[in-house]
Each structure stands twice: as C-alpha cells, then as structure tokens.
Amino acid sequence: MSFKSDKAAICWDMDPSEAFLVGTKEELKKLAEDILLALESDTIDGTIGDTQLKFSSSDSSLTENGLDIVVNNLAIVKDNKDTSRVINCLRELNGMSPLADE
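What counts and how
- Residues numbered from 1 in each chain as written.
- Predicted model: local features only at pLDDT ≥ 70, side-chain atom pairs only at ≥ 80, totals over all residues.
- Heavy atoms only, no water.
- Pairing = 2+ DSSP bridges.
- Helix = DSSP H or I, 4+ residues; strand = E, 2+ residues; numbered from the N terminus.
- Polar contact = N/O pair within 3.5 Å; in protein donor to acceptor, adjacent residues only side chain to side chain.
- Contact = heavy atoms within 4.5 Å.
- Expected span 1.5 Å × (residues − 1).
- Buried < 20%, exposed > 50% of the residue type's maximum accessible area, 1.4 Å probe, protein only.
- Salt bridge = Lys/Arg side-chain N within 4 Å of Asp/Glu carboxyl O.

Comments concerning the pairing of strand β4 (residues 51-56)
With six bridges joining them, strand β3 (residues 43-48) and β4 adopt antiparallel strand pairing. Following the sheet pairing, Ile44 is matched in β4 by Phe55. The hairpin turn running from β3 into β4, its antiparallel successor, is two residues long, and Gly49 in that turn takes a positive phi close to 65 degrees.

A look at the side chain of Ser56
Following the sequence through the fold, Ser56 ends up in strand β4. A distance of 2.7 Å separates the side chain of Ser56 from the side chain of Asn73, its partner in a polar contact. For Ser56, the residues in contact, after removing those within four places along its chain, are Ala38, Ser41, Asp42, Thr43, Asn73 and Leu74.

Points about helix α2 (residues 80-93)
Between its first and last C-alpha, α2 extends 20 Å over 14 residues, near the 20 Å set by a 1.5 Å rise per residue. Looking only at α2, the buried set comprises Asp82, Ser84, Val86, Asn88 and Cys89. In this structure Asp79 caps α2, since a side-chain oxygen of it lies 3.0 Å from the backbone nitrogen of Lys81. Following α2 by one or two positions, Gly95 has its phi on the positive side, about 75 degrees.

Brief notes about the pattern of salt bridges
Taken as a whole and assessed by the stated rule, the structure comprises three salt bridges. Note that Lys30 and Asp34 form a salt bridge whose closest N and O atoms lie 2.7 Å from each other. Highlighted residues: Lys30 and Asp34, both in helix α1 (residues 25-40), separated by four residues, approximately one helical turn. Classification of Lys30 by relative accessible area gives partly exposed; the value is 45%.

Next up, the structure:
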C-alpha cells in the first residue's frame, strides 16, 4: 500500500496524548499559513456545552487525512477560560475526568 502525503500530519507513538506534528518544512509552513487564513475566514456559530464559539469554515482538512488524528477545523473561543470549559466538556462527553482548571 502506498501513502503520499502533501500536508503535515499529526502522529503519535505510544499514546495520543503525546501527539506531534510531522512534515517537511514547507508542509509545516503551509499549515501555519492555513491556520492564519482560517482565523480570517468566515465562521459558523456553535456551542460546546454552554460555551459559545465560532468554527472556521473549511472545505478541506488542515492536516493529512486518513490518520488517527486529523485537524479539520478551528474552534475559536473568547478567552482561555472558554478553552478550559470546552476541553472539560469534550473530556466529560468521552467519559473522562475534567483536566483543565476552569
């Protein structure tokens, strides 16, 4: 089976909590540029738990598809307390204990 990548990828060795980005210098630079463009693009309003946020609208993933972890979008919150709330809400939805201090 052949695998051809043209985007940076998120990989992990022993545990997903130890994930890292891998790619050529050009692929990683493109990812950074795509993130900056996504921050300036149109957004879609949404909520996770009780937290209001905006999702960047994108037709393609930011990182390589077909792997265990793929970044498809950005969720933009107002402040770091909202980031903590979203992290905890998603962890609880997945049966895990809260991690971040609110």
